[in-house]
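# Coordinates in review
Residues per chain, in single letters:
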Amino acid sequence: MMRFWKGILILTLAVTAQQARAQQPDSTGVEDPDVQPLRQQFRQRWHQHIRQTLGLTDAQADKLQTTEDRFEQQRIGYRGQIRDINRQLNGEMLSGTPNNEHVNQLIQQRQDMRLHLEQVNRDQDREMSAYLSPLQRVRYQQESVRLAGIIAEAIRHRRAQGQGMGPGRPRGGRPGAGVPPRRRPRP
């Protein structure tokens with residue numbers, strides 16, 4: 001089991017590294033050609049893990065993979081829209097005079113996209129209930145949460161590495177790293 005999660009972490013780091021290199025600062029970016037095979041390898045390992053962990057039959061495994069793939073395509077679209085909204089919000093916040101009406105519209109759009117994502121999750125669960133037992137669905141949800149945590153941690157790790165040696169930043173990557181604290185002179 002631990003070997004699976006290490007493998008997933010390595011694949012996640014590889015995919016996030018490729019995606020980070022492929023992304024443009026103001027767009028969702030274009031993927032490098034080698035990202036798709038990594039993503040496919042990641043999905044295959046996930047399906048194998050879920051099949052084994054949930055004790056799925058061949059028919060259940062096939063149905064689950066079809067369901068996951070279809071609903072993931074919907075999630076990808078909504079996540080992309082949320083990223084675009086967040087970029088616009090960041091732009092407004094960084095501008096000297098943010099347009100409050102536009103900010104309110106963006107906040108509402110982001111909330112709507114999050115609701116759509118939640119509906120996709122509910123629809124997927126409803127479809128899975130036709131061929132998975134309640135126990136299998138609970139275990140699937142637990143494994144999905146675990147995987148999301150691993151991916152989020154990998155992304156945080158990549159972002160932290162990317163912040164490393166910028167201007168005015170010491171070797172530790174964060175302001176003040178490796179610099180002893182200033183001492184006040186005694187009166």
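A brief look at the structure comes next. (Residues numbered from 1 in each chain as written. Predicted model: local features only at pLDDT ≥ 70, side-chain atom pairs only at ≥ 80, totals over all residues. Heavy atoms only, no water.)

### Brief notes about the overall build of the protein
Heads up, the rule is: Secondary structure follows DSSP: runs of H or I at least 4 residues long count as helices, runs of E at least 2 residues long count as strands, and numbering of each begins at the N terminus. Whether a residue is buried, partly exposed or exposed follows from its accessible area with a 1.4 Å probe, protein chains only, as a fraction of its type maximum: under 20%, in between, or over 50%, in that order. For this analysis, residues touch if any pair of their heavy atoms sits within 4.5 Å. To measure how exposed things are, a 1.4 Å probe is used in the Shrake-Rupley method; for residues, cover is taken only from the protein chains shown.
Check the secondary structure of the protein and you find 5 helices and 0 strands. In sequence order, the secondary structure elements of the protein are arranged as α-α-α-α-α. Here the protein holds 187 residues, and the buried ones make up 29% of them. If you take every contact in the protein between residues at least 6 apart in sequence, the share linking residues at least 24 apart comes to 65%. Surface summary for the protein: the accessible area is close to 13,100 Å², and the carbon and sulfur share equals 53%.

### A word on the side chain of His-47
Within the secondary structure layout, His-47 lies in helix α2 (residues 35-54). Residues in contact with His-47, not counting those within four places in the same chain, are Gln-65, Glu-68 and Asp-69.

### Concerning the packing of helix α3 (residues 58-94) against helix α4 (residues 100-128)
This is how the line gets drawn: Angles shown run from 0 to 180 degrees and are taken between the N-to-C directions of axes, each axis being a line fitted to C-alpha atoms and, for helices, limited to the stretch in contact. To sort the angles, those under 35 degrees are grouped as roughly parallel, those over 145 as roughly antiparallel, those from 65 to 115 as roughly perpendicular, and the leftovers as oblique.
Interhelical geometry of α3 versus α4 gives an angle of 170° and a closest axis separation of 9 Å. By the angle between their directions, the pair α3 and α4 is classed as roughly antiparallel.

### Regarding the pattern of salt bridges
How we decide: By convention in these notes, a salt bridge is any Lys or Arg side-chain nitrogen within 4 Å of a carboxyl oxygen on Asp or Glu.
Enumeration over the complete set of coordinates arrives at 12 salt bridges. Notably, a salt bridge pairs Arg-51 with Asp-58, separated by 1.8 Å at the nearest N-O pair. Note on Arg-51: relative accessible area 32%, which makes it partly exposed. Between Arg-126 and Asp-123 there is a salt bridge, with its nearest N and O atoms 3.1 Å apart. In this pair, Arg-126 and Asp-123 are both assigned in helix α4, 3 residues apart and thus about one turn of the helix distant.

### A few points about the packing of aromatic side chains
Our working definition: Only centres within 6.5 Å qualify two rings of Phe, Tyr or Trp (six-membered ring in Trp) as a pair; their planes then separate them into stacked at under 30 degrees, edge-to-face at over 60, and tilted for everything else.
Tallying each qualifying case throughout the model produces 1 aromatic pair. Here Trp-46 and Tyr-140 contribute two aromatic rings whose centre-to-centre distance is 6.3 Å and whose plane-to-plane angle is 65°, an arrangement assigned as edge-to-face. Of the two residues, Trp-46 is situated in helix α2 and Tyr-140 in helix α5 (residues 134-162); the sequence distance between them amounts to 94 residues. On the accessibility criterion, Trp-46 (3% relative accessible area) is buried. By relative accessible area, Tyr-140 is classed as buried at 7%.

### Here's the deal with the environment of Thr-67
Within the secondary structure, Thr-67 sits in helix α3. According to the relative accessible area criterion, Thr-67 is buried, its value standing at 1%. Spatially, the C-alpha atom of Thr-67 lies 6.9 Å from that of Gln-124, the residues being 57 residues apart in sequence. Beyond its immediate chain neighbours, meaning those up to four positions away, Thr-67 contacts Gln-124, Glu-127, Met-128 and Tyr-131.

### A word on the nonpolar core
Where we set the bar: Remark: nonpolar core denotes a set of buried residues (Ala, Val, Leu, Ile, Met, Phe, Trp, Tyr, Cys) joined through side-chain atoms within 4.5 Å.
By size, the foremost hydrophobic cluster in this structure holds 12 residues: Phe-42, Trp-46, Ile-50, Leu-54, Leu-56, Ala-61, Leu-64, Met-128, Tyr-131, Leu-132, Tyr-140 and Leu-147. At the level of elements, α2, α3 and α5 are the ones that each hand at least two residues to this core. Excluding residues within four positions of it along the chain, Leu-64 makes contact with Ile-50, Leu-56, Met-128, Tyr-131, Leu-132 and Tyr-140. Core analysis: the next-biggest nonpolar cluster, separate from the first, contains 7 residues, Ile-85, Leu-89, Met-113 and Leu-117 among them.

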